Amino acid sequence: MKRFHFNLEKVLKLRQYHEQEAKNELGRAISILTTIENNITQNAIIRSQAVQQRFAGINTSGAVSMLSWNSYINRLEQEAERLLEEAARAELVVEEKRNLYMEASRELKIMEKLKEKKEKEYRKEMFAAETRELDDRHKPAL
């Protein structure tokens, strides 16, 4: 019995490659978003600590220190706003990469289903041919 050969094997391999690349791109985009989210969290912790220290230092160092703390806190708030905007852009990129991955995955699944169908048809044809051959061998000669 000859071996099954899928005529579109190169297309299948190409779609597997595209799906893997899309998955990698999605992973990179998620990694960038996660880093930004971690920076937002870290910024919030630092800002919270700065607010606490600003009021704790009023009794000891006076108005100049209070102005310094206010400037520092304002800069942290501006950084938080910038990070939030960056996170929003990164979320859009993640969504785009997710859609590309889903599309590549769908295309790959279609090709895999086609290969399975063709292989099933091939096996059915081979079984029928073998059955006919066996029947022909066992027929009594007239």
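For clarity, every value in this text was computed on a predicted model and none was experimentally measured.

Time to look at the side chain of Glu19. Here Glu19 lies in helix α1 (residues 9-56). Here Glu19 occupies a buried position and makes no salt bridge, while the nearest side chain of opposite charge, Lys23, is found at 5.0 Å. Filtering out sequence-adjacent residues up to four positions away, Glu19 remains in contact with Tyr101, Ala104, Ser105 and Leu108.

What follows is about the nonpolar core. Counting residues in each nonpolar core, the largest one holds 11 residues, listed as Ala22, Leu26, Ala29, Leu33, Ile36, Leu83, Ala87, Ala90, Val94, Tyr101 and Ala104. No other element matches helix α3 (residues 63-138), which puts six residues into this core. Setting aside residues up to four positions removed in sequence, Ala87 forms contacts with Leu33, Ile36 and Ile40. In this structure, Phe6, Leu12, Leu108 and Met111 belong to the second largest nonpolar core, which totals six residues.

Our next topic: the pattern of salt bridges. Between side chains of opposite charge, a pair can form when the charged atoms approach closely. Summed over the entire model, instances satisfying the criterion amount to 10 salt bridges. Its salt-bridge partner being Glu9, residue Lys115 comes within 3.2 Å of it at the nearest N-O pair. Here Lys115, found in helix α3, pairs with Glu9, found in helix α1; they are 106 residues apart in sequence, far enough to count as distant. In this structure Lys115 comes out as partly exposed when scored by relative accessible area, which is 24%. For Glu79, the salt bridge is made with Arg82, and the minimal N-O distance between the two is 2.6 Å. With Glu79 and Arg82 both in helix α3 and three residues apart, this pair spans about one turn of that helix. Overall, the relative accessible area of 26% leaves Glu79 in the partly exposed class. The class for Arg82 is partly exposed, based on a relative accessible area of 37%.

Reading the values: rules and limits
- Residues numbered from 1 in each chain as written.
- Predicted model: local features only at pLDDT ≥ 70, side-chain atom pairs only at ≥ 80, totals over all residues.
- Heavy atoms only, no water.
- Helix = DSSP H or I, 4+ residues; strand = E, 2+ residues; numbered from the N terminus.
- Buried < 20%, exposed > 50% of the residue type's maximum accessible area, 1.4 Å probe, protein only.
- Lys, Arg positive; Asp, Glu negative; His and termini not counted.
- Salt bridge = Lys/Arg side-chain N within 4 Å of Asp/Glu carboxyl O.
- Contact = heavy atoms within 4.5 Å.
- Core = buried A, V, L, I, M, F, W, Y, C linked by side-chain atoms within 4.5 Å.

So yeah, pure geometry; function would need other evidence.
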